[in-house]
Amino acid sequence: MSKSNLTELTISKARKLLDKREISSVELTKAFLDKIAETDNFVKSFITVTPELALKQAEKADLLIKENNIHDLTGIPLQIKDNICTSGVNTTCSSKMLENFVPPYNATIVDKLYDSAAILLGKGNLDEFAMGSSTENSYFYPTKNPWDLDRVPGGSSGGPAASVSSDQVISSIGSDTGGSIRQPASLCGVVGLKPTYGLVSRYGLIAFASSLDQIGPITKDVTDSALLLNAISGYDSKDATSINFQTPDYCNYLKEDLSGIKIAIPEDYFGDDIDSGVKKVVYEAIEVLKKLGASIEEISLSVMQQFALAVYYIIAPSEASANLSRYDGVKYGFSDRLNSGDLMETLYKTRQNGFGPEVKRRIMLGTYALSSGYYDAYYLKAQQAKKMIKSEYEDTFKKYDAIITPTSPTVAFKIGEKFSNPVQMYLSDILTIPVNIAGIPAISIPSGFINGLPVGMQIIAPRLREDTIFHIAYSYEKATNWSKFKPNFNT
Ligand code: GLN
């Protein structure tokens, strides 16, 4: 098998070749490291590449395979978003504040991946502290979309989505607070899953908005998404919001027939603010689902359509303002101590010079919403509206198994196009944010192209019904070919 073919493998295909000893993990890891070296000057999806660690882990994995001590991910090379702590490996959150931070511990999901002898190729670029929709807020550099290097890959998990799409890695792990796995997956033509809140441990994920943050897989196909969710989900006593739930083997739900499945299409999510090309592609995808046996009905989700974005931009910045108060120039991370006279000045200068503009904007918004005079008017109201959004979903799921919408209102936009207009940028997540507010799962899967740029379809299911998501997503993927297309960028 040639080297370029190796980097096109999915986890399930690589697994078979590794188990039959047709390839070794060292060979596979080297192929990806070469691909990263060839392409990352253009794509810029990595903040840190870890070749020595990766090759050491690969040698170990090959020994395990020899002894037949094999898990689903043994010897599989992955990337992890750089807001997830990796012991001994720089974890920057794409911020000057944590530029030189080397965590002394692993996030729970990293331990789980290492326990099954997966390989770490490096850490993926993101918007600073995961705040953004384009990866342009990275302190280091923006990541480029492999389908058109003049366009953004989406965000905040732009690094992970671009690296999977350009075959620099088999899969990556992202985080999603308001759409940061699904929106970049959609813009880069890959599969991105935001699991139910609490299904995957958040221990070791650098906190942005704790009641919304969730870790999940970004993969080349739906089968790999199920394999990775199997590996990273499950109860963790180190995360107080972790759900004590007996997780099934998600691969059991990769079935092809959709008869009996009831799908709701919210007309409010196909309005004038959604690009007409995107709507057309998603309507065509819905026709495919119909042919596969699903019943389709139009519904309305007007509460969330009206309030979700406003609720999110009160709750997320409020929680961020509290979470980011720990960066004080004293305990760890960047400190402007040398240029300051006393403790207070150190604090001011550190925060002034350590955070970028979007992070500061969120801290100010959140501090304002939580201040005593405005708490009732903003934060409390947002919490009340959150309940209404949740019950709108609950009512819908009494009658339907899943809801389908586009993932993003547009295809990938040009670098710089929305950068100086935060509200335009915030609108990129209008279709993904309600899912985080309700704490339910959703996936984005490739469903077509507009002028060579990928379009994603979002499948939303009730709490802990990832099985339904995989069933619908897999059936669709099998009936179409969209996951197989590759960007053709010249390096
Ligand atoms: N784009 C949204 C924001 O800027 C969502 C980010 C995320 O999911 N981490 O907050």
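Everything below is about the structure printed above this text.
Summarised in this report is the structure supplied together with it. In this text, all values refer to a predicted model and were calculated from it rather than measured experimentally.

Rules of the game
Residues numbered from 1 in each chain as written. Predicted model: local features only at pLDDT ≥ 70, side-chain atom pairs only at ≥ 80, totals over all residues. Heavy atoms only, no water. Helix = DSSP H or I, 4+ residues; strand = E, 2+ residues; numbered from the N terminus. Contact = heavy atoms within 4.5 Å. Polar contact = N/O pair within 3.5 Å; in protein donor to acceptor, adjacent residues only side chain to side chain. Pairing = 2+ DSSP bridges. Axes fitted to C-alpha atoms, helices over the stretch in contact; angles between N-to-C directions. Buried < 20%, exposed > 50% of the residue type's maximum accessible area, 1.4 Å probe, protein only. Expected span 1.5 Å × (residues − 1). Arc of directions from axis to C-beta. Phe/Tyr/Trp six-rings, centres within 6.5 Å; stacked < 30°, edge-to-face > 60°. Lys NZ or Arg CZ within 6 Å of the ring centre and 35° of its normal. Near = heavy atom within 4 Å. Areas by Shrake-Rupley, 256 points an atom, 1.4 Å probe, with all protein chains shown as cover. Nonpolar A, V, L, I, M, F, W, Y, C, P; charged D, E, K, R; others polar. Patch = residues over 30% accessible without salt bridge, like charges linked within 9 Å, V, L, I, M, F, W, Y side chains within 5 Å. Salt bridge = Lys/Arg side-chain N within 4 Å of Asp/Glu carboxyl O. Parallel < 35°, antiparallel > 145°, perpendicular 65-115°, else oblique.

### Focus: the side chain of Ser 116
Then, number 1: Structurally, Ser 116 is set in the loop between helix H5 (108–115) and strand S3 (119–124).
Then, number 2: Excluding residues within four positions of it along the chain, Ser 116 makes contact with His 71, Leu 73 and Thr 74.

### Some words on the side chain of Thr 396
Then, number 1: Structurally, Thr 396 is set in helix H13 (residues 376–399).
Then, number 2: A distance of 2.8 Å separates the side chain of Thr 396 from the backbone oxygen of Glu 392, its partner in a polar contact.
Then, number 3: Those residues in contact with Thr 396, other than ones at most four positions away along the chain, are Ala 264, Ile 299, Leu 301 and Ile 403.

### What to know about the sheet that holds strand S11 (residues 453–460)
Then, number 1: Pairing is mixed in the open sheet, where 11 strands are placed in the order S1-S3-S2-S4-S6-S5-S10-S11-S9-S7-S8. Both outer strands of the open sheet, strand S1 (46–49) and strand S8 (295–299), are each paired with one neighbouring strand and no more. Taken pair by pair, the neighbouring strands of this sheet meet at an average axis angle of 30°, ignoring direction.
Then, number 2: Relative to strand S10 (residues 442–450), strand S5 (residues 191–194) runs antiparallel, the two being bridged by three bridges. In the sheet register, Gly 192 faces S10, and the bridge partner there is Ser 444.
Then, number 3: Lying on the sheet, helix H8 (residues 222–232) is in contact with strand S2 (77–81), strand S4 (171–176), S5, strand S6 (214–219) and S10; it crosses S6 at an angle near 145°.
Then, number 4: Helix H9 (residues 276–291) contacts strand S7 (262–266), S8, strand S9 (402–406), S10 and S11 of the sheet and is inclined by roughly 115° relative to S10.

### Focus: the pairing of S7
Then, number 1: The buried count for S7 comes to four of five residues, which makes it a mostly enclosed element.
Then, number 2: Sheet analysis places S7 next to S8, joined by five bridges and oriented parallel. Its bridge partner lying in S8, Ile 263 is registered against Ile 296.

### Observations concerning the environment of Gly 179
Then, number 1: Its place among the elements puts Gly 179 in the loop between S4 and helix H7 (182–188).
Then, number 2: For the pair Gly 179 and Ala 320, spaced 141 residues apart in the sequence, the C-alpha separation amounts to 16 Å.
Then, number 3: Look past the residues within four positions of Gly 179 in its chain and what remains in contact with it is Gly 155, Pro 184, Asp 429, Thr 432 and Asn 436.

### Quick notes on helix H12 (residues 357–370)
Then, number 1: With 14 residues, H12 ought to run about 20 Å at 1.5 Å a step, and its terminal C-alpha atoms sit 20 Å apart, in line with that.
Then, number 2: Every buried residue of H12 is listed here: Glu 358, Val 359, Arg 362, Ile 363, Gly 366 and Ala 369. In an axial view of H12, the angular spread of the buried residues amounts to 140°, which keeps them on one side of the axis. Residues Pro 357 and Met 364 are exposed on H12 and point more than 90 degrees away from its buried face.

### Some words on H8
Every α-helical turn comprises 3.6 residues, leaving residues that sit three or four positions apart pointing alike.
Then, number 1: Burial analysis of H8 places nine of its 11 residues in the buried class, which makes it a mostly covered element.
Then, number 2: Turning to H8, its buried residues are Val 222, Thr 223, Asp 224, Ser 225, Ala 226, Leu 227, Leu 228, Leu 229 and Ile 232.
Then, number 3: Directly beyond the C-terminal end of H8, a positive phi value near 125° is found at Gly 234.

### Remarks on the packing of aromatic side chains
Here a ring pair, both rings aromatic, is described through the centre-centre distance and the interplanar angle of the planes.
Then, number 1: Within the structure shown, the criterion is met by 21 aromatic pairs.
Then, number 2: Seen in terms of ring centroids, Tyr 327 and Phe 355 are 6.2 Å apart; in terms of plane orientation they differ by 90°. Their pairing is edge-to-face. Residue Tyr 327 is found in the loop between helix H10 (302–323) and helix H11 (343–354), and its partner Phe 355 is found in the loop between H11 and H12; the two are separated by 28 residues along the sequence.
Then, number 3: Judged by its relative accessible area of 2%, Tyr 327 is buried.
Then, number 4: By relative accessible area, Phe 355 is classed as buried at 5%.
Then, number 5: Grouped by ring-pair contacts, the aromatic residues Phe 101, Phe 129, Tyr 327, Tyr 332 and Phe 355 constitute a single cluster.
Then, number 6: Directly above the ring of Tyr 141 sits Lys 44, whose terminal nitrogen or CZ lies 4.8 Å from the centroid.
Then, number 7: Positioned above the aromatic ring of Phe 413 is the side chain of Lys 418, whose terminal nitrogen or guanidinium carbon lies 4.4 Å from the ring centre.

### Description of the site of the ligand
Then, number 1: Neighbouring residues of the ligand: 15 residues in total, closest Thr 177, Gly 178, Ser 180, Tyr 312 and Asp 429.
Then, number 2: One of the side-chain N or O atoms of Ser 180 is found 2.7 Å from an oxygen atom in the ligand.
Then, number 3: In the complex, the protein chains occlude 100% of the 290 Å² of accessible area that the ligand would expose alone.
Then, number 4: Each residue belonging to the shell around the ligand can be placed in one class, and the counts come to five nonpolar, seven polar and three charged.

### Re a nonpolar patch on the surface
Then, number 1: Together, Tyr 368, Tyr 374 and Tyr 378 make up an exposed nonpolar region whose accessible area comes to about 290 Å².
Then, number 2: For Tyr 368, the position within the fold is in helix H12.

### Topic: the packing of H10 against H12
Packed helices, taken two at a time, are described by the angle between their axes plus the distance between the axes.
Then, number 1: Close contact between H10 and H12 brings their axes to 7 Å; oriented N to C, the two are set at 100°. Classified by the angle between their axes, H10 and H12 sit roughly perpendicular to one another. Facing Tyr 313, Ile 314, Pro 317, Ser 318 and Ser 321 of H10, the residues of H12 in contact are Arg 362, Ile 363, Leu 365, Gly 366, Thr 367, Ala 369 and Leu 370.
Then, number 2: Among the residues forming the contact of H10 with H12, the class breakdown is seven nonpolar, four polar and one charged.

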